[in-house]
Amino acid sequence: MSGIKLFVGLGNPGEKYERTRHNAGFWFIDLIAAQTSSNLSVDAKMFGLTGKLNLEAKLNPTPDKWLLKPNTFMNASGKAVAAIANYYKITPAEILVAHDELDLPAGSVKLKFGGGHGGHNGLKDIHAALGTADYWRLRIGIDHPGDKNEVINYVLKAPTKQENDALQDSIHAAAGVMPFLLAGDFENAMLKLHTKK
């Protein structure tokens, strides 16, 4: 199976949203960029911050891999994802979208392929832009406020210190399965991520 060629993190651009729960996908991309010394820069044609994943050639003789943080705001994320996927001829099955997930507790992270958008506006827009739900998702648990009327307020607030520590741990755990994601070994990536220590 083909490995991931495009890693997308969902969030809202700007300092105001930087530390909010809704930006967990951005945090994942920032960590990968930092760990691999990959540079992200604004690309107007791609409607976001993009960069080539910096991997040693001997380890990665395959085509280029890309990182993307859309700067279109969450509910228009699909525009950026479709632009870069079309330009580099990346299929939906070669795309991984990292996003905040209300249905998982803070500190847990799950990898899944396809399925619904669960009301997540970023995923909803990506579904529409790609014309399919058949892409990979990295679901970063942020927990649920308990009341659906509180969701918007909740995702646009910063996590508590305890939640943030748990979130950062889960994002580091996700970064730890990058070699499997690049190799297309999703079974082992899931095994490592989903197995409780």
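Okay, so let's go over this structure. (Residues numbered from 1 in each chain as written. Predicted model: local features only at pLDDT ≥ 70, side-chain atom pairs only at ≥ 80, totals over all residues. Heavy atoms only, no water.)

1. Focus: the side chain of Ser-38
- Structurally, Ser-38 can be placed in the loop between helix H1 (24-36) and strand S2 (41-43).
- Engagement of the side chain of Ser-38 in a polar contact is seen with the backbone nitrogen of Asn-54, the distance being 2.8 Å. (Helix = DSSP H or I, 4+ residues; strand = E, 2+ residues; numbered from the N terminus. Polar contact = N/O pair within 3.5 Å; in protein donor to acceptor, adjacent residues only side chain to side chain.)

2. Comments concerning H1
- Relative to the 18 Å expected for 13 residues at 1.5 Å per residue, H1 spans 19 Å between its end C-alpha atoms, a close match to the ideal helical length.
- With 10 of its 13 residues buried, H1 lies for the most part within the structure.
- Taken residue by residue, H1 has Ala-24, Gly-25, Phe-26, Trp-27, Phe-28, Ile-29, Leu-31, Ile-32, Ala-33 and Thr-36 as its buried positions.
- If you follow the buried residues of H1, they end up packed against strand S1 (6-9), strand S4 (66-70), strand S5 (95-101), strand S7 (136-141), helix H5 (161-175) and helix H6 (178-183). (Expected span 1.5 Å × (residues − 1). Buried < 20%, exposed > 50% of the residue type's maximum accessible area, 1.4 Å probe, protein only. Contact = heavy atoms within 4.5 Å.)

3. Things to note about the packing of aromatic side chains
- According to the stated counting rule, one finds 5 aromatic pairs in the structure shown.
- Relative to Phe-73, the ring of Tyr-17 has its centre 5.9 Å away and its plane inclined at 85°; by these criteria the two rings are edge-to-face. Pair noted here: Tyr-17 is in the loop between S1 and H1 and Phe-73 is in the loop between S4 and helix H2 (77-87), with a separation of 56 residues, a long-range link.
- Tyr-17 gets classed as buried once you look at its relative accessible area, which sits at 17%.
- Taken together, a centroid distance of 4.0 Å and an interplanar angle of 15° make the contact between Trp-136 and Phe-186 stacked. Of the two residues, Trp-136 is situated in strand S7 and Phe-186 in helix H7 (residues 186-194); the sequence distance between them amounts to 50 residues. An identical accessibility class is assigned to Trp-136 and Phe-186; each is buried.
- An aromatic cluster of three or more residues is present, and its members are Trp-66, Tyr-87 and Tyr-88.
- The ring of Tyr-154 carries the charged tip of Arg-21 above its face, separated from the ring centre by 3.8 Å.
- Sitting over the ring of Tyr-135, Arg-137 keeps its end group 4.4 Å from the ring centre. (Phe/Tyr/Trp six-rings, centres within 6.5 Å; stacked < 30°, edge-to-face > 60°. Lys NZ or Arg CZ within 6 Å of the ring centre and 35° of its normal.)

4. Side note on H7
- Looking only at H7, the buried set comprises Phe-186, Ala-189 and Leu-193. The arc that holds the buried residues of H7, viewed along the axis, is 55°, so those residues lie on one side. Residues Glu-187 and Leu-191 are exposed on H7 and point more than 90 degrees away from its buried face.
- Residues of H7 that are buried make contact with strand S6 (109-113), S7, H5 and H6. (Arc of directions from axis to C-beta.)

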